Amino acid sequence: MRAFDFAAPHDVAGALDLAGGSSAFLAGGTTLVDLMKLEVMTPEQVIDINRLPLRGVRQEPDGLRFGALERMEDAARHPDVAGRYPVISQALLLSASPQLRNMASLGGNLLQRTRCGYFRDVTTPCNKRAPGSGCPALHGDNRGHAVLGTSDSCVATHPSDLAVALVALDASVRLRGADGERTVPLADFYLRPGDTPHQENVLRLGELVTEIVVPDLPWAANSAYVKVRDRQSYEFALASAAVAVDLRDGRVRDARVAVGGVGTVPWRLPAVEAALRAGESHEAAAALAAEGARPLAGNAFKVTLAQRAILRALAELAERR
Amino acid sequence: MMSVRSANREDGPVKVSGAAAYAADHHPDGLAYGYLLTSTVARGTLLAMDTAAAERAPGVIAVYTPFNPLDVRPFLKEGGAELAAPLQDTRIRYHGQAVGLVVAETFEQARDAAALVTARYDADRPRASFADGLAGAEPPATGAPAQEVLADGVASIDEALAASDVTITATYTTPAETHVAMEPHATVASWTGGRLTIHTATQGVRLAVERLSEALAMDPADIRVINPYVGGGFGNKWATWAHTPLTAAAARVLGRPVKTVLTREQVFTVVGHRPLTSQTVSLGASADGTLVAVRNDGVSSRSASNSFYEAVADLSLSMYDAPNLHASRKVVTLDVPVTTIMRAPSESNGSFALESAMDELADALGMDPLDLRRKNDSSRHPVSGLPWSSKHLDECYTLGAERFGWSRRGRVPGAVADGDWLVGMGMGTATFGAFRSEASINVRLRDDGRVVVSGTAADLGTGQSTVFAILAADVLGIPVERVIPDLGDSATPPAVSAGGSGSTSGNGPAVRLAAQAARDALVKLAAEHEKSPFHGQEVTYAGGEVGDGGRAMPFGELLALLGLPDLDATATSPRNASQSHAFRSFGAHFCEVRVNRWTGEPRVTRWLSVVDAGTIVNAKAARSQIVGGVVMGIGQALLEDLRIEPGTGRFGNATMADYLVPVNADIPPIEVEFLNYPDTLLSDLGARGIGELSIVGAAGAVANAVHNATGRRVRDLPITLDKLL
Ligand SMILES: Cc1cc2nc3c(=O)[nH]c(=O)nc-3n(C[C@H](O)[C@H](O)[C@H](O)COP(=O)(O)OP(=O)(O)OC[C@H]3O[C@@H](n4cnc5c(N)ncnc54)[C@H](O)[C@@H]3O)c2cc1C
Ligand code: SF4
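Conventions we followed
Residues numbered from 1 in each chain as written. Chains lettered and ligands numbered in written order. Predicted model: local features only at pLDDT ≥ 70, side-chain atom pairs only at ≥ 80, totals over all residues. Heavy atoms only, no water. Near = heavy atom within 4 Å. Nonpolar A, V, L, I, M, F, W, Y, C, P; charged D, E, K, R; others polar. Contact = heavy atoms within 4.5 Å. Buried area = accessible area lost by both parts, 1.4 Å probe. Salt bridge = Lys/Arg side-chain N within 4 Å of Asp/Glu carboxyl O. Polar contact = N/O pair within 3.5 Å; in protein donor to acceptor, adjacent residues only side chain to side chain. Helix = DSSP H or I, 4+ residues; strand = E, 2+ residues; numbered from the N terminus. UniProt positions renumbered as here; feature names shortened; annotations may be inferred. Axes fitted to C-alpha atoms, helices over the stretch in contact; angles between N-to-C directions. Parallel < 35°, antiparallel > 145°, perpendicular 65-115°, else oblique. Left-handed = near helix turned anticlockwise from the far one by under 90°. Buried < 20%, exposed > 50% of the residue type's maximum accessible area, 1.4 Å probe, protein only. Pairing = 2+ DSSP bridges. Domains from an automatic or database assignment. Core = buried A, V, L, I, M, F, W, Y, C linked by side-chain atoms within 4.5 Å. Areas by Shrake-Rupley, 256 points an atom, 1.4 Å probe, with all protein chains shown as cover. Phe/Tyr/Trp six-rings, centres within 6.5 Å; stacked < 30°, edge-to-face > 60°. Lys NZ or Arg CZ within 6 Å of the ring centre and 35° of its normal.

As recorded in an unreviewed UniProt entry, chain B goes by the name Xanthine dehydrogenase YagR molybdenum-binding subunit, listed as coming from Nonomuraea maritima.

As recorded in an unreviewed UniProt entry, chain A goes by the name Xanthine dehydrogenase YagS FAD-binding subunit, listed as coming from Nonomuraea maritima.

See the structure below:
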């Protein structure tokens, strides 16, 4: 770990004043400190934002709002979340471990970095960490890598479970920077790697995530998050599916489907949703999840697995009715 | 016969409270901190290293590299260790090889400075693919390339197979694995005059003394290794690794103590790993299921840096009765970190293939797999023909089948489901060789009424120190709490190091002999010492007291009365030299596995192991040992896979986050049943070993249950969901 300056401002304005250049906000630190130890992230200044009043979950006219510093475990256990958006609650509770969830914030979760082993090992090339140095994952150890939204520059997955659930629910993030405030749909927040895998999102230098907004969706009470991995806990997804269905009289009226662990960004599947709305079979609809998939030597199974995760979620939701 | 005890660990409180000092917990005055530098290519030559910036960095004391080496010599005996001495040449033999040591005033300063060192290599393409190497596999440089037994009149193993009514042939492969013990390897070295005292994580302080005396060209008498607590080893702390002699050599030249702790990532490469293996197994049987021929051609990877490989086919010669047996060994040499022993080396991988193949044969015969094993259970060692010293495997099978509900196993694969989960049952036979090595132990009775039991043994978390306490307490008739086990100090008598599941079987008899000797010495003292109240009497000993029929006195009081702080005796128990019997432990695993019908995840949901390992000294700790082996076996079956990148020779997942071992959620309740028949031909104690036994057969049992659940036979470990989709 490199030496750094440390500050702990009391309010948002103070944090924004300090931010910029080679600074990093510190929330739970479960990504930041980890990557600083590995020297993947080497900020000269660390700004602890934990004193900022960005906590809590509350209902507003535009939907349910989460403070960016709300802890994962608290958010998952919040009755409004568990009752009205089980997909969010489940995505959070299937993440990491209780200790980590008690430390880690929602904002930090959305901004966590990829788990690609080359990205995390500074002795290897990696276009995301060191632009232009190459992508060893293309022909190397890539069982955990993405099949959707990849480029020849980078095939790393976005690791967040929460983001998959939020993208399915049309959530937005509220951002505050020196130039003021703006709201960005989460689906537009993340950038596919293209030729610039080091640019992962539209957050500007020194900009702070202040809130997450989830619009009302009454039938999201019938939602589920299926996470598939080699071991039963304490592991990122090989594939996951966030699914909500509006079921009436045994018929799908509407559906939301997104997958994780397979895309370079949280991957919404409008084609699958449309097929379900059109009354196609679960199998026929899920098959559309494979559209545009580009498997690598080690991860071809993910194309099938993502579809199976969707089918499993749909089956669970159908059973619950 | 002693009764079976179930004692808490004598070292439990100090471990739980954090008071136990592991190697890295020692901080002698003036301590400096070492940080290892490792190579980032797998094969080639180190051309140059730029250490200027590191040398100028705050707190840095010295930077050692092959261009500014420390004086370290090669080990003479290998024992799964690396053959080339670190920093003595510029050759790169594997990715992650030690190429330097930075020493600084603090750990952080050493680590920061290490990040400033740059290296230039002339890199070659490494040999890194086991699969590609299989075609060119060669007989090993050490060990017999093949063993064969043929029945009278049979010309070859292939002839025997051809003459069988039913045969199966299949190839089973296993990946590289690594031990990932909780405690990372650490060494703290201090010199006083020409004498070295070293705290280092090791499975045997005696082994460490030997290796260090070679590496530092010293008289072993001038080296003392102290290491009473070990945070797991699983074979990986048997050998001595590069950081240990480097740390000692640095402390010698710098004239101050030095500590080096490997980082979690370095624990994947600087120390060894379990080789990859491939076994092609053919089984031939008559129509009634009697085995006619067993053939196993085994191949193991071997690091170019040493010669250790797994003789993975050999287990097929020691298990089931068959008149015709053949096992061969070949190796594929790779430019990878050192290959070394890991829990049940050869046997756990060997059993995965053999136990899977037995089930495949049972399928081909249309027989219950348990019946097939029963039918071919051996009463003598199949090769030597010697009778087993004490084998009750059939009872393990019978008891296990009944307890587990084996009769409810679906006869047809894929027939049983519970909601979205396909349910299957499987079983596998456990076995491991039993030994009794020579061991010396000292027992010291103290005037405070306590007893110290000393020997160079190691407790890796196994419960060995509690075994010492129980056995000494039993002989001396005192409460276990009054015994102080004193392990892990090379200044004590030479006992058995922790390897080959031989600790209790070797050290146990020695502890009893030494306790008896101390008791006899006490009786003699009581009768012969002039100031003794029992002088000239017929003295007896019972329950911690000496007496003459009338009066009795606790031994501590007697010693105090005589002005003696203590009285001790050392005894040696010889190695087992029996030529008349074959010695092995046995057991049977039964498990239930569920596989998700949509997403293919295999999950183990029930487990029972019935164990025939001779006398069980401490039922509680023994159960933990068996459970630990089963957990590791489940990891081997479903998760563990140290992936070597074919192009670079780098381990692709050499971090604790990416190298998967089971977490609690992966482990079902595990039931363990001990038969507890003393093996009196092995020793009067009758204890064999249990450290490795239970990983053997476990992966096969899981694979067989997966097949029973799904109809899919996975012959390539680990059985991950992608193989079941
Ligand atoms: C062992 C392990 C297992 C894990 N398993 C999972 C899993 O299964 N699923 C999963 O989804 N996640 C998993 N995680 C990731 C974990 O959820 C994230 O590390 C965590 O959510 C990050 O939150 P934090 O508050 O600790 O962020 P920090 O580490 O404090 O910050 C992360 C990044 O976000 C920036 N940042 C933080 N907050 C803000 C803000 N408000 N505005 C702007 N920038 C900000 C920081 O500067 C930093 O770059 C795992 C992590 C570990 C260590
Ligand atoms: S996949 Fe992306 S993160 Fe991983 S090595 Fe390639 S560029 Fe780097």
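Engineer: Sorry, what's going on with the site of ligand 2 here?
Structural biologist: Around ligand 2 sit 14 residues, and of these C116, C126, C135, C154 and V155 of chain A come closest. Of the residues that constitute the shell around ligand 2, the class distribution is ten nonpolar, three polar and one charged.

Engineer: Before we go on, may I ask you to explain the interface of chain A and chain B in this structure?
Structural biologist: How big an interface is tends to be expressed through the accessible area that disappears when the partners come together. Listed by partner, the interface residues are 31 residues for chain A and 28 residues for chain B. Between chain A and chain B, the buried area comes to about 2700 Å², and carbon and sulfur atoms account for 53% of it. The tally of links from chain A across to chain B stands at four salt bridges. Note that D121 of chain A is salt-bridged to R650 of chain B, the shortest N-O span being 3.0 Å. The tally of links between chain A and chain B comes to 13 residue pairs in polar contact (both at pLDDT 80 or more). Elements represented by at least two residues in the side of chain A that touches chain B include exactly β9 (223–228) and α12 (301–320) of chain A.

Engineer: How should the UniProt feature "domain: Aldehyde oxidase/xanthine dehydrogenase a/b hammerhead" (unreviewed entry) in chain B be read in this particular structure?
Structural biologist: UniProt feature "domain: Aldehyde oxidase/xanthine dehydrogenase a/b hammerhead" (unreviewed entry): in the numbering of this structure it lies at residues 17–125 of chain B. Between the first and last C-alpha atoms of residues 17–125 of chain B the distance is 49 Å; the span itself is 12% helix and 31% strand.

Engineer: Would you mind showing me how to read the packing of helix α15 (residues 619–638) of chain B against helix α16 (residues 698–710) of chain B here?
Structural biologist: The angle between the axes and the distance between the axes are what describe a pair of packed helices. All names here are of chain B. The contact between α15 and α16 brings their axes to 8 Å, and the two run at 55°. By the angle class used here, α15 and α16 are oblique. Considering how the two elements wind past one another, α15 and α16 form a crossing that is right-handed. Contact with α15, carried on its side by G633, Q636, A637 and L638, involves A698, A699 and V702 of α16 and no other residues of that element. Looking at side-chain class alone, the contact of α15 with α16 contains five nonpolar, two polar and no charged residues.

Engineer: Mind showing me how you'd approach the side chain of S490 of chain B here?
Structural biologist: Residue and element names in this part refer to chain B. Checked against the element boundaries, S490 lands in the loop between β20 (483–486) and α13 (503–528). What makes S490 buried here is its relative accessible area of 19%. Polar side-chain contacts of S490 include one of 2.9 Å to the backbone nitrogen of V225. With residues up to four places along the chain from it excluded, the contact list for S490 reads V205, V209, I223, R224, V225 and T456.

Engineer: Hey, could you run me through the pairing of strand β14 (residues 291–303) of chain B in this one?
Structural biologist: Every regular strand shows the same layout, with side chains that alternate between the two sheet faces. Residue and element names in this part refer to chain B. By the criterion of burial, β14 is predominantly enclosed, with ten of the 13 residues buried. Sheet analysis places strand β13 (residues 277–285) next to β14, joined by nine bridges and oriented antiparallel. Its bridge partner being in β14, L283 is matched across the sheet by V294. Here β13 hands over to β14 after five residues, with G289 in that stretch at a positive phi of 95°.

Engineer: I would appreciate a short explanation of the domain arrangement of chain A in the present structure.
Structural biologist: Residue and element names in this part refer to chain A. Taken domain by domain, chain A holds domain 1 (1–53) and domain 2 (54–321). Between domain 1 and domain 2, the residue contacts involve 20 residues of the former and 21 residues of the latter. Both faces considered, domain 1 and domain 2 share a buried interface measuring about 1800 Å² in area, 67% of it formed by carbon and sulfur atoms. Per-residue buried area on domain 1 facing domain 2 is highest for L16, T30 and V40; these three make up 26% of the total on that side. The interface formed by domain 1 and domain 2 holds one salt bridge in total. With its nearest N and O atoms 3.1 Å apart, the salt bridge here joins R120 to D34. Along the contact surface separating domain 1 from domain 2 lie three residue pairs in polar contact (both at pLDDT 80 or more).

Engineer: Can you walk me through the sheet that holds strand β1 (residues 32–38) of chain B in this structure?
Structural biologist: Pairing between sheet strands relies on hydrogen bonds along the backbone, with the strands arranged either parallel or antiparallel. Residue and element names in this part refer to chain B. The mixed open sheet is built from seven strands, whose spatial order is β3-β5-β1-β12-β9-β10-β11. Since the sheet does not close on itself, it has two edges, and those belong to β3 (60–64) and β11 (223–225), each with one partner. Averaged over all neighbouring strand pairs, the angle between strand axes comes to 20°, with direction disregarded. As paired elements, strand β9 (residues 186–192) and strand β10 (residues 195–200) share six bridges and run antiparallel to each other. Bridge pairing in β10 links W191 to L196. Each of β1, β3 and β5 (98–104) touches helix α3 (residues 107–114); the most contacted strand, β1, lies at about 25° to it. Where helix α6 (residues 205–215) meets the sheet, it contacts β10 and β11, and its direction lies at approximately 145° from that of β11.

Engineer: What exactly am I supposed to notice about the nonpolar core here?
Structural biologist: A general trend in soluble globular proteins is that nonpolar side chains are found buried together. Ranked by internal contacts, the top residues of the largest apolar core, which has 86 residues, are L283, L361, F590, W607 and V702 of chain B. Not counting residues up to four positions away in its chain, the partners in contact with V702 of chain B are C591, V593, V604, W607, A637 and L638 of chain B. Membership of the second largest hydrophobic core comes to 80 residues, among which are L106, L166, L175 and L217 of chain A.

Engineer: Before we go on, may I ask you to explain the site of ligand 1 in this structure?
Structural biologist: All names here are of chain A. What surrounds ligand 1 is a group of 31 residues, the closest being F25, G29, T30, T31 and S105. N109 has a polar side-chain atom sitting 3.2 Å from an oxygen atom of ligand 1. A total of 970 Å² of accessible area belongs to ligand 1 in isolation, and the protein chains cover 93% of it. Class assignment of the residues belonging to the shell around ligand 1 gives a composition of 17 nonpolar, ten polar and four charged. For the shell around ligand 1, the two domains that each supply at least three residues are domain 1 (1–53) and domain 2 (54–321).

Engineer: In this structure, what is going on with the packing of aromatic side chains? I would like to understand it.
Structural biologist: Aromatic ring pairs: the centre-centre distance and the angle between the two ring planes describe each pair. Enumeration according to the criterion identifies eight aromatic pairs over all chains in this entry. Consider the rings of F189 of chain A and Y190 of chain A, whose centres lie 5.3 Å apart with planes at 80°: the pair is edge-to-face. In this structure, F189 of chain A and Y190 of chain A share a single accessibility class: buried. Among the aromatic residues, those joined into a ring-pair cluster are F404, W406 and F590 of chain B. When the ring centre of F404 of chain B is taken as reference, the NZ or CZ atom of R606 of chain B above it lies at 3.9 Å.

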